[in-house]
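In case you want the letters, here they are:
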Amino acid sequence: MSKILVDLCVESDGFMFKRLVDRLEDRGHEVLVTAREKVQAVDVYRYAGLKPHIVGKYATTLEGKLLASAKRIYEMSKLVLSELKGLDAVVSNTGVEACRVGFGLGAQVHTFHDHPEAIHQMLLTIPLSTYIYVPWVINRNIYVRYGLGVEQIVSYRGFLTIAWMPHMEVQKNVAEFLGLDPDRPLVVFRESEVGAAYLFGRKDITLPAVKQLAEKHPEWQFVGRPRYESEPVIKYFKNCPNVKIYTKPIPLQSLWPETDLLIGGGATMCLEATYFGTPTISCRPITSPITSYLKSVGLAYDAKTVKDVINLSEEKIGKRNEFLAREIYGGMEFPLEQLIRNIEEGRRRESFTHEKLVTSTQPW
């Protein structure tokens, strides 16, 4: 059986890879799960039912990222060699260190990717990958430019969230459980990931917009969970009694049916919320193919300024569209079985040919 490293990179990876880890272990494979030391993310991984080995730390400066990544590669390599005594495959959501370790040890490198705007990360991961798994809305030509053959690109009709959203058991009355008033409008929010390299120099508009809305609409209630340090966010809203900041994981996947509006700075929450038809405002500083798709089908709305967020919030709050959500998401898939087949086939990167390149400028 294979020896497999699964590296968790962002909070949603806990939900995305839980079923994969269970399936691999059920099939007799030996699986080692790792994650960086980032409190909010580690809490979610454990909430999802995984117990990762903590390897390395998260950094938000160029110098810090370089040093942290170099140290993590070294520590992850030692852990893999001591725990697994070798390596056959690596699976990650574009994990830089995991890809490097897998490539360095001659293992298969399976990379999930859905944000081609993160060029720095792609440069360090895509060229090292045996297979990459991408949503169909992303043009495959992007990955060919990074040295992959088309046969290494698994394009699937779905999003990463399909790995867990259809399988989540939706709890009832979550808002009341959290101490919220089910009769008052509920707004969930989260700031942009401005600590990521591809967003350096960009400003987050989510928090300023929410603060103005909270002051303007005291009857609305707001729920947020910090992406980075909790204290600055809590302090920012200290004079807003209708804003609650949760530092521990909450059952957001069950809260979406009770949520009247999401103001999101990232992509995963937007996908989760729109899955239930919850009105969604995207505040990402840059546009991605996925958020562009959600906007094109009418499940999300784009906001570039604080004023945009306020105007859209007042217009869209409470206007759910569950019928459209079911129409859009019905039939989508996550390539779990394809991933397992590829791992068990054991094909290495050097066995692929790179003769058939994509020349079309349109997504396949």
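The structure under discussion appears in the preceding block.
Quantities reported herein were computed from a predicted structural model and do not represent experimental measurements. (Residues numbered from 1 in each chain as written. Predicted model: local features only at pLDDT ≥ 70, side-chain atom pairs only at ≥ 80, totals over all residues. Heavy atoms only, no water.)

Participant: Would you explain the overall build of the protein chain in this entry?
Facilitator: On a plain count of helices and strands, the protein chain comes out with 15 helices and 13 strands. Against the globule reference of 21 Å for 364 residues, the protein chain gives a C-alpha radius of gyration of 20 Å, in line with a compact fold. A principal-axis box enclosing the C-alpha atoms of the protein chain has dimensions of 60 × 45 × 40 Å. Residue burial in the protein chain is summarised as follows: out of 364 residues, 57% are buried. Carbon and sulfur atoms provide 52% of the accessible area of the protein chain, an area that totals close to 16000 Å². Charge-centre separation for the protein chain: the mean point of 45 positive side chains lies 3 Å from the mean point of 43 negative side chains. (Helix = DSSP H or I, 4+ residues; strand = E, 2+ residues; numbered from the N terminus. Rg over C-alpha atoms; globule rule 2.2 N^0.38 Å. Buried < 20%, exposed > 50% of the residue type's maximum accessible area, 1.4 Å probe, protein only. Areas by Shrake-Rupley, 256 points an atom, 1.4 Å probe, with all protein chains shown as cover. Lys, Arg positive; Asp, Glu negative; His and termini not counted. Charge placed at Lys NZ, Arg CZ, Asp CG, Glu CD.)

Participant: What should I look at first to understand a nonpolar patch on the surface in this one?
Facilitator: On the surface, I119, L123 and L124 cluster together to form a nonpolar patch covering roughly 290 Å² of accessible area. The residue L124 is located in helix α5 (residues 119-125) in this model. (Patch = residues over 30% accessible without salt bridge, like charges linked within 9 Å, V, L, I, M, F, W, Y side chains within 5 Å. Salt bridge = Lys/Arg side-chain N within 4 Å of Asp/Glu carboxyl O.)

Participant: Honestly, the state of the cysteines in this entry has me stumped. Any pointers?
Facilitator: Covalent bonding between the sulfur atoms of two cysteines defines a disulfide. One pass over the full model with this rule turns up zero disulfides. Note on C240: no disulfide assigned, nearest cysteine sulfur contributed by C283 at a separation of 16 Å. (Disulfide = S-S within 2.5 Å.)

Participant: I'm lost on the sheet that holds strand β13 (residues 300-302) in this one. Help?
Facilitator: Read from one edge to the other, the open sheet built from six strands follows the order β10-β9-β8-β11-β12-β13, with strand pairing classed as parallel. If you trace the sheet from one side to the other, it starts and ends with β10 (243-245) and β13, each paired once. Averaged over neighbouring strand pairs, the angle between their axes works out to 20° when direction is ignored. Where strand β9 (residues 221-224) lies against β10, three bridges are found, and the strand directions are parallel. From the neighbouring strand, G224 faces β10, where its bridge partner is I245. (Pairing = 2+ DSSP bridges. Axes fitted to C-alpha atoms, helices over the stretch in contact; angles between N-to-C directions.)

Participant: What is the right way to look at the packing of aromatic side chains in this model?
Facilitator: In this description, an aromatic ring pair is defined by two values, namely the gap between the centres and the angle between the planes. Going through the model one piece at a time under the given rule, you end up with 16 aromatic pairs. By way of ring pairs, the aromatic residues F17, F112, Y131, Y133, Y156 and F334 are connected into one cluster. The cationic tip of K211 hangs over the ring face of Y236; the distance from NZ or CZ to the ring centre is 4.4 Å. When the ring centre of Y275 is taken as reference, the NZ or CZ atom of R326 above it lies at 4.6 Å. (Phe/Tyr/Trp six-rings, centres within 6.5 Å; stacked < 30°, edge-to-face > 60°. Lys NZ or Arg CZ within 6 Å of the ring centre and 35° of its normal.)

Participant: Looking at this structure, how should I read empty space enclosed by the protein?
Facilitator: Summary: where empty space remains is shown by rolling a probe the size of a single water molecule over the atoms. By the definition in use, this model includes one cavity of 30 Å³ or more. For the largest cavity, the calculated volume is near 30 Å³. The wall of the largest cavity is formed by L8, C9, R36, K38, A41 and Y45. (1 Å grid on protein atoms, 1.4 Å probe; cavity = no way out; pocket = protein on both sides within 12 Å on 5 of 7 lines; lining within 4 Å. Points joined across faces, edges and corners; volume = space filled by probe spheres on them.)

Participant: Which parts of the structure should I look at to understand the side chain of R190?
Facilitator: You can see R190 is positioned in strand β8 (residues 186-190). Its relative accessible area of 8% is what places R190 among the buried residues. A distance of 3.1 Å separates a polar side-chain atom of R190 from the backbone oxygen of P226. Those residues within four positions of R190 in sequence are excluded, and the remaining contacts are E11, T206, R225, P226, R227, I263, G264, G265 and M269. (Polar contact = N/O pair within 3.5 Å; in protein donor to acceptor, adjacent residues only side chain to side chain. Contact = heavy atoms within 4.5 Å.)

Participant: Sorry if this is basic, but what is going on with helix α3 (residues 62-83) here?
Facilitator: Note that an α-helix has 3.6 residues per turn; residues three or four places apart therefore point the same way. For α3, built from 22 residues, the straight-helix expectation of 32 Å at 1.5 Å per residue is met to within 8% by its first-to-last C-alpha distance of 31 Å. Listed as buried for α3 are A68, S69, R72, M76, L79 and V80. One side of α3 holds all its buried residues, which, seen down the axis, span an arc of 105°. Opposite the buried face of α3, by more than 90 degrees, sit the exposed residues E63, L66, L67, K71 and Y74. Those residues of α3 that are buried lie in contact with β1 (3-8), β2 (30-37), β3 (53-57) and α4 (96-104). Backbone geometry just after α3 places K85 at a positive phi near 60°. (Expected span 1.5 Å × (residues − 1). Arc of directions from axis to C-beta.)

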